[in-house]
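Survey of secondary and tertiary structure
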Amino acid sequence: MQRLLHNDKFINILIPVLATILGMIAGAIIMLLGGYDPVKGYEALWNGVFGSPRAIGETIRAMSPLILAGLAVGFAFKTGLFNIGVEGQLLVGWLASVWVGYALNLPSIIHIPLAIIAAAIAGAIWGLVPGLLKAYFKVHEVIVTIMMNYIALYVTADLIKRFLYAGNEKSFKVQESASLASEFLASITSNSRLHYGIIVAIIAAIIMWYLLERTTKGFELRAVGLNQHASAYSGMSVKKNIILSMVISGAFGGLAGAMEGLGTFQNMTVLSSFTGTGFDGIAVALLGANNAFGIIVAAALFGGLNTAAPQMSFNANVPPELIDIVIALIIFFVASSYIIRVLLTRLRKEGK
Amino acid sequence: GTGDEQENAGTDNGGDTPAETVDFKAGLVTDTGGVDDKSFNQSAWEGLVKFGEERGLTEGEGYRYLQSGAESEYIPNLTQFAENGFDLTIAAGFLLEDPVQTTAEQIPDAQFVLIDSLLSDENWNTVWLDNVANVTFKEHQGSFLVGVAAALHTKTNKVGFVGGVDSPLIKKFESGFKAGVKAVNPEIEIVAQYVEDFNDAAKATTIASSMYEQQVDIIYHAAGGSGNGVFTEAKNRKANGQDVWVIGVDRDQHEEGMPENVTLTSMIKRVDVAVYEMAQQTLGGDFPGGKETVFGIEEGAVGIAPTTTNLTEDTINKIKEYEQKILSGEIEVPQTDEEYAEYEGSL
Amino acid sequence: MDILAILAIIIPATLYTAAPLILTALGGVFSERSGVVNIGLEGLMVFGAFSSIITTLLIQDTVGAASPWIGILVAAIASGVFSLFHAVASVTLRADQTVSGVAINFLALGLAIFLVKKIYNKGQTDFIDYRINKINIPVLSDIPVVGKLFFTMVPVTSFIAILIAFIAWYIIYKTPFGLRLRSVGEHPMAADTMGINVTRMRYTGVIISGIFAGLGGGVYATSIAGNFAAGTISGQGFLALAAMIFGKWHPLGALGAALFFGLAQSLSVIGGQIPFLQDFPNVILTIIPYVLTILALAGFVGRAEAPKAVGTPYIKGKR
Amino acid sequence: MEYVIEMNNIRKEFPGIVANNNITLQVQKGEIHALLGENGAGKSTLMNVLFGLYQPEKGEIKVKGQPVKITDPNVANDLGIGMVHQHFMLVQNFTVTENIILGSEPTKNGTININKAANEIAELSKKYGLAVDPHAKIEDISVGMQQRVEILKTLYRGAEILIFDEPTGALTPQEIKELIQIMKRLINEGKSIILITHKLKEIMEVCDRCTVIRKGEGIGTVNVSETNEDQLASLMVGREVNFSVAKVDSKPGKDVLVIENLIVHDARNIPSVKNLSLTVKAGEILGIAGVDGNGQTELIEAVTGLRKAKSGSIKLNDKQIMNQSTRKITEAGVGHIPQDRHKHGLVLDFTVGENIVLQTYYKEPFSKFGILNFSNIFEQAKRLIKEFDVRTPSEQTHARALSGGNQQKAIIAREVDRSPDLLIAAQPTRGLDVGAIEFIHSKLIEERDKGRAVLLVSLELDEVMNVSDRIAVIYEGEIVDIVDPKTTNEQELGLLMAGGKKEREGVS
Ligand SMILES: Nc1ncnc2c1ncn2[C@@H]1O[C@H](COP(=O)(O)OP(=O)(O)OP(=O)(O)O)[C@@H](O)[C@H]1O
Ligand SMILES: Nc1ncnc2c1ncn2[C@@H]1O[C@H](COP(=O)(O)OP(=O)(O)OP(=O)(O)O)[C@@H](O)[C@H]1O
Ligand SMILES: [Mg+2]
Ligand SMILES: [Mg+2]
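Cut-off values and rules
Residues numbered from 1 in each chain as written. Chains lettered and ligands numbered in written order. Predicted model: local features only at pLDDT ≥ 70, side-chain atom pairs only at ≥ 80, totals over all residues. Heavy atoms only, no water. UniProt positions renumbered as here; feature names shortened; annotations may be inferred. Helix = DSSP H or I, 4+ residues; strand = E, 2+ residues; numbered from the N terminus. Rg over C-alpha atoms; globule rule 2.2 N^0.38 Å. Buried < 20%, exposed > 50% of the residue type's maximum accessible area, 1.4 Å probe, protein only. Lys, Arg positive; Asp, Glu negative; His and termini not counted. Charge placed at Lys NZ, Arg CZ, Asp CG, Glu CD. Pairing = 2+ DSSP bridges. Patch = residues over 30% accessible without salt bridge, like charges linked within 9 Å, V, L, I, M, F, W, Y side chains within 5 Å. Areas by Shrake-Rupley, 256 points an atom, 1.4 Å probe, with all protein chains shown as cover. Salt bridge = Lys/Arg side-chain N within 4 Å of Asp/Glu carboxyl O. Axes fitted to C-alpha atoms, helices over the stretch in contact; angles between N-to-C directions. Parallel < 35°, antiparallel > 145°, perpendicular 65-115°, else oblique. Contact = heavy atoms within 4.5 Å. Buried area = accessible area lost by both parts, 1.4 Å probe. Polar contact = N/O pair within 3.5 Å; in protein donor to acceptor, adjacent residues only side chain to side chain. Nonpolar A, V, L, I, M, F, W, Y, C, P; charged D, E, K, R; others polar. Near = heavy atom within 4 Å. 1 Å grid on protein atoms, 1.4 Å probe; cavity = no way out; pocket = protein on both sides within 12 Å on 5 of 7 lines; lining within 4 Å. Points joined across faces, edges and corners; volume = space filled by probe spheres on them. Expected span 1.5 Å × (residues − 1).

With an unreviewed UniProt entry as reference, chain C is termed Nucleoside ABC transporter membrane protein, source organism Litchfieldia salsa. Quoted verbatim from the Subcellular location (unreviewed entry) heading of the UniProt record, the comment on chain C is "Cell membrane".

Here is the structure:
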């Protein structure tokens, strides 16, 4: 029995690994078909991820918003909701962090947490709307979150122009005291944009895991996610839990925005289209099996691939979109893991 | 050139005969528009190609571009060039202001050209970095001239302006254009609207449609890729017998108006000239870092497009007249809403 | 400006923007009615836009003005084939359908731009020479008032899309195929016991959604965008998905919702030029379609019931 | 002897399980043939093989003497085999007609000719006495009518051999009687029937022969006229079974649950509990008998806080609990074995352990300061699993993996262990085999004997009569009468449940 359990966990890990390998192989085949040199391509990719201290720094930098976006999606998934609105939550979180980071003058020890919390709250509010509508009006959260994305896009742009405009389509920069950027981290990674946000992201992942798996609230959230009727029957408030779930998920999304606002960019631009990070979060959550630690690993993979894609294009002339294709295929393979699972389970049964 | 067949057509506006080969590398980082946006980025790339071909450089080695897929790629792209031994990295557009500043500070021995913008600090004070050359244009001057053309050609006495995003840069286009129109005939009504995006042709189409529907017969666009939507709408209308026109921007957009022939004229902004000039100077050891190089009518870098088939002789002469007035300083073309308001009051 | 003049601006603009949404949302109806969630509509539209532009560019010199039309047809076929990815993953391999849809979105965009770069060696295609133009519809545009409002400066594709919506309604609600399609989306096991091949029906539903989304993307590209780039389709597929849900998974509902979105979008664009809307901050006009949709869902059309079995793979014999 | 159906030596495996092993079933023309076996014995599987939903690994099937390969339900249809499934195969938001014609729709110019189909169905239903409204939506009609639709589906396709898989499970006594009439009529029309049921009484009443299977193995076929219920039961289980519920008389104590003038509306906001008053005392089992849909569900939901009542009063131990939250009511001492164990009773993807603490997870010792204590949770689960004989590989197994009977045992363990003053049991034995039923009934009585008040709601008259100390009959949201199970009989109850006035004057 112990062995069986062990096997199950093993399979859960094996599948994304297999999927990643298959995705990379498919990527190589596509490069070959496209007349590019896969060896050169992957070499450049490797260098783009690990080739220099800066590459490593940039990979880790790219990870933090991805982890948080992945947590936002994964948390909602675990509680039976599909939060396709991380993109919007990220944008409002980004704006809120920049606003607090710019407008206040405080010592770092207060300023940074405050700006981060502001981002979380903004994201939470953005998650609250679909949560409320789902709980009280049974409105499909997917459609509301899609709409909220657009509202976030236009409202943040407008707010920057009205209140934070520093010219050239961007907001003022955050104060030094609110910045997550670090001379030290930049110097050890030869001037990458690596910042302390990664710590925030990892803490958030631990919080998600602990909250869901170890607390009574998490028990309720999971129960409501899996079976609303039984949850109501057992005395849980389905409505409150749906709302809470969207709020927490949105807060993670908002935090992802703080990574950009206080870390990578230190300001916010007037965006006319989405950043894509929120949607990448869906992929990250899926590959990470909605598990907090899986999400960190998946974010490392996608963050690395994304930051290295330009390098691949620069050195091996392979269009960086190849990486998008590889990512898509990895998701496909993970999603279609049923077949792999069946085969493995059968093997296991026969071996017993 | 090296005879790379798959290369961009229409870039051989320079001499075909490579002169002496030099050891020089120049890179261009575009915004998300890409080097064939029929507009700003393309123009910059054409300038670099001309330079590269004249100097016998190989594309991809001696000169190349990186298109940014997203905002977060500006810095990696700039860094890519700066760290890979490129002598000059050109940043196309004011959106790259911050990234250029960051990268230039981090890599002091790399040289950058920032087009359309200066660097500034928190308090709006201009910052000069020795390894950044700032290039700006007097777009308002050129816009004034096409405004004159519009005023002389409108039959409905109503013209329109479609801007990319509401920003100080595009305001220069708008203010100059309106000033030019009013200079000819203060009675002409001008409607202006911004797409709030340089790459949303669909939205621009709708805006243009509503303008044309309200009797506007000439629209001047300063909207980058979105401007294609204005052309689409004008061509549709012309095909249906409506007498409408577009004034192009940045490049000679006569081709974009064909076959319906809707391009009245274009306000050209010779980004290619500027890029070429900057590369030449840098190559000559004369990198104009730490200052602003301004290109205006005087430098032949802004003005009316060479294709003038849709303008009457009279119009062309009138434009020349105004050109002189601007050159002589008789007319001070407004660049901002405030300056325009003042200008309008003085009429 | 009088009200007629305003309507004469708004209505054609609505029809113009709504056409791709209508077609794509109809695709969504077919897929989800068969029990397969399709948030890959966005990607299928991307692939359609890409295919139509490539085709048009390829043949325009020989075929001329008919080339965008051929482009659209090729787009329909191409996206139909492309949707097989989704069908195989979500029907045969029992993948999570949402996940598979997300993958479709990534894949379509990545593949399309990859190919554009491969073929043209640059980030976007050239503009096509022949577009599907807005025209004054002969005869109809001469009708007083109505002609001016509905049939002047509109693309024919809008009317084709509306017509197709009615055809889709007929197919889904009046034919044996439609009954079977719906039964598979509601209760696949019941359908199975009635001798209906659930797998085949679901494949059909998904492929039709691919065809329609391809049409939608093709129409967008050849009538509105004029070329193909990474940002050509940015969110229209998601809006179409929203229109389908808003329209309660019903073809005519989806039609109405898509028209509503088109109206709201064109209002937000044109609002700045309409007297009584001018004083509104632009951002309010811009977000109005989205806010209205949310309000409408909460207030009037709440409780949109999805097909019961949508999202669950059918496994024979599972209880 | 000519058989219409012959299934010889059928073997069907599922991963890890042999569901049918070497089973033989021979059905004569014009007979009602019973198929009997415990839960999970393999009855449904065998019938699904016959209907073409599953392919057997071994064995042959003959229809009217001809060997056939039934590769899918279409083939079965063509061979004249129709099946009424254990769980209805009806599309809820389709009309009766749409459900019946699905897959073989009459058309005119490519359009479904719905009127023609509806007329045909009306005619068919008249011929077999199956009253249905062809234009009604399934979700709006009663379970009994839904079943008639299922039967019509097979007849519409010209079925000669009908398979009924547990058709009486969800029916009221009246509906069961009607169904038996219908089956007899079908036989008279020359059809043959295979009937799966756990109810031995029904087999004795209508069947000609009975094939028994046990744990996937064929045990044999007996003539019903030559056997009796006890023999059938022991054939099925493999041991002697004791049917009569052993219980001493109740010793009712104080009033635990007092309901007065309760009015509750249903989902469509129509009153379905009307001015209902009811009292359940400590130490008694009050059975509620009634035809499905007479307000039982809404009554239970109102008492347990799952639905808001419009007016009235619900008191538990003299404390008002009406319209309080489910959590408060649970804490006040109400246990609830829900009607639908999958929908309400369990989170199927939680472990058995997590399900065991579904209402108590937030309390010590399972949780402290908002943090769960899993070792205590699993400890508790282990104890209950042992005490209630829940057959599961471990307390960390997902509830989904348990069979229905064991899922139900887990729920009962959870509810009983909380020692609620009031235990509500809604259809606690639905779909379970005799062994499991025996266990559950004895548990309910045990609770009563510990002084708890038990409210039993069941559609099975036998159950209500065997287990209850008093029986309240509910009709259209009102308690029409309360009777003593020792002195009443099925006829009287049946009449009351149908709204008939009591005619007990003659009876002592
Ligand atoms: N699709 C399936 N996959 C795996 N195992 C199955 C499947 N269907 C049935 N089984 C197994 O086959 C055995 C027989 O199941 P079946 O449903 O035929 O029992 P049954 O006699 O109809 O029981 P009941 O009286 O509860 O309806 C059971 O042990 C069950 O676990
Ligand atoms: N489709 C299936 N796949 C795998 N295992 C199954 C399947 N169906 C049933 N089982 C397993 O077979 C066993 C018996 O199940 P079965 O459904 O026959 O029990 P049951 O008592 O008849 O339940 P119910 O009362 O819900 O019909 C259980 O262990 C169950 O997990
Ligand atoms: Mg069963
Ligand atoms: Mg069964």
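1. What to know about the overall build of chain C
Looking only at helices and strands, one finds twelve helices and two strands in chain C. Counting from the amino terminus, helix and strand elements in chain C follow one another as α-α-α-α-β-α-β-α-α-α-α-α-α-α. Radius of gyration (C-alpha) of chain C: 20 Å, near the 20 Å computed for a compact globule of 319 residues. Each principal axis of the C-alpha atoms in chain C carries an extent, and together these give about 65 × 50 × 40 Å. Within the span of chain C, comprising 319 residues, buried residues form 66% of the whole. Averaging the coordinates of the 19 positive side-chain charges in chain C and doing the same for the 12 negative ones gives two points 13 Å apart.

2. Side note on the pairing of strand β2 (residues 17-28) of chain D
Note that strand β1 (residues 3-14) of chain D and β2(D) share eight bridges and pair antiparallel. The residue bridging D:M7 from the neighbouring strand is D:L25, located in β2(D).

3. Overview of a nonpolar patch on the surface
A surface patch of nonpolar side chains, amounting to about 670 Å² of accessible area, comprises A:I13, A:V17, A:I21, A:L22, A:I25, A:I29 and A:L33. Looking at the element boundaries, A:L33 is found in helix α1 (residues 2-33).

4. A short note on the packing of helix α3 (residues 53-78) of chain A against helix α11 (residues 238-264) of chain A
Residues and elements named next belong to chain A. Across the interface, α3 lies against α11 with an axial gap of 7 Å and an inter-helix angle of 170°. Overall, the two elements α3 and α11 adopt an arrangement that is roughly antiparallel. The residues of α11 that touch α3, namely those facing R61, S64, P65, L68, A69, L71, A72, F75 and A76, are S245, I248, S249, F252, G253, L255, A256, M259, E260 and T264.

5. Some remarks on the interface of chain C and chain A
Chain C puts 44 residues into the contact, and the matching count from chain A is 43 residues. Interface area, chain C with chain A, both sides summed: about 3800 Å², of which 82% is carbon and sulfur. Linking chain C with chain A are one salt bridge, by the criterion used here. Its salt-bridge partner being A:E321, residue C:K117 comes within 3.1 Å of it at the nearest N-O pair. Our count for the chain C to chain A interface comes out at three residue pairs in polar contact (both at pLDDT 80 or more). For the side of chain C that touches chain A, the secondary-structure elements that each account for two or more residues are α3 (67-92), α4 (97-120), α10 (236-246) and α12 (282-299) of chain C. Examining the composition of the side of chain C that touches chain A, we find that 14 residues originate from one element, α4(C), more than from any other. Of the residues that constitute the side of chain C that touches chain A, the class distribution is 30 nonpolar, nine polar and five charged.

6. Concerning the site of ligand 1
The environment of ligand 1 is made up of 17 residues, and the closest members are D:G40, D:G42, D:K43, D:S44 and D:T45. Bordering ligand 1 are residues originating from chains C and D. Between ligand 1 and D:A41 there is a distance of 3.2 Å, counted from an oxygen atom to a backbone nitrogen or oxygen. The separation between an oxygen atom of ligand 1 and a polar main-chain atom of D:G42 is 2.8 Å. Those elements giving two or more residues to the shell around ligand 1 turn out to be β2 and α1 (43-50) of chain D. Examining the composition of the shell around ligand 1, we find that three residues originate from one element, α1(D), more than from any other. Here the shell around ligand 1 is composed, by residue class, of five nonpolar, eight polar and four charged.

7. Structural notes on empty space enclosed by the protein
Going through the model one piece at a time under the given rule, you end up with seven cavities of 30 Å³ or more. Here the largest cavity is characterised by a volume of approximately 80 Å³. Taken together, C:T193, C:M194, D:F51, D:N77, D:G82, D:M83, D:H85, D:M89, D:E150, D:K153, D:T154 and D:R157 make up the lining of the largest cavity. Taken together, the elements giving at least two residues each to the lining of the largest cavity come down to β6 (81-84) and α5 (143-156) of chain D. Here the lining of the largest cavity takes three residues from α5(D), the largest share from any one element. A class-by-class count of the residues in the lining of the largest cavity yields four nonpolar, five polar and three charged. Counted as a void, the second largest cavity has a volume near 70 Å³. Lining the second largest cavity are A:Y233, D:T304, D:T326, D:I329, D:T330, D:V334, D:G335, D:H336, D:Q359, D:E415 and D:R418. Among the elements of the structure, α10 (326-333) and β18 (334-337) of chain D are those that each provide at least two residues to the lining of the second largest cavity. Across the lining of the second largest cavity, the residue classes tally to three nonpolar, six polar and two charged.

8. A look at the pairing of strand β3 (residues 32-36) of chain D
Taken residue by residue, a regular strand's side chains alternate between the two faces of the sheet. Residue and element names in this part refer to chain D. Buried residues dominate β3, accounting for five of its five residues. Burial along β3 is two-sided: I32, A34 and L36 facing one way and H33 and L35 facing the other are all buried. Both β3 and strand β10 (residues 192-196) contribute to a ladder of four bridges, which runs parallel. In the strand pairing of β10, I32 is matched with I193. By the bridge criterion, four bridges tie β3 to strand β11 (residues 209-214) in an arrangement that is parallel. Counted as the bridge partner of L36 is V212 from β11.

9. A look at α3(A)
Residue and element names in this part refer to chain A. With 26 residues, α3 should reach 38 Å at 1.5 Å per residue; the first-to-last C-alpha distance of 36 Å fits that figure. In terms of residue burial, α3 counts as a mostly covered element, since 21 of its 26 residues are buried. Looking one or two places after α3, you find G80, whose phi comes out positive at around 80°.

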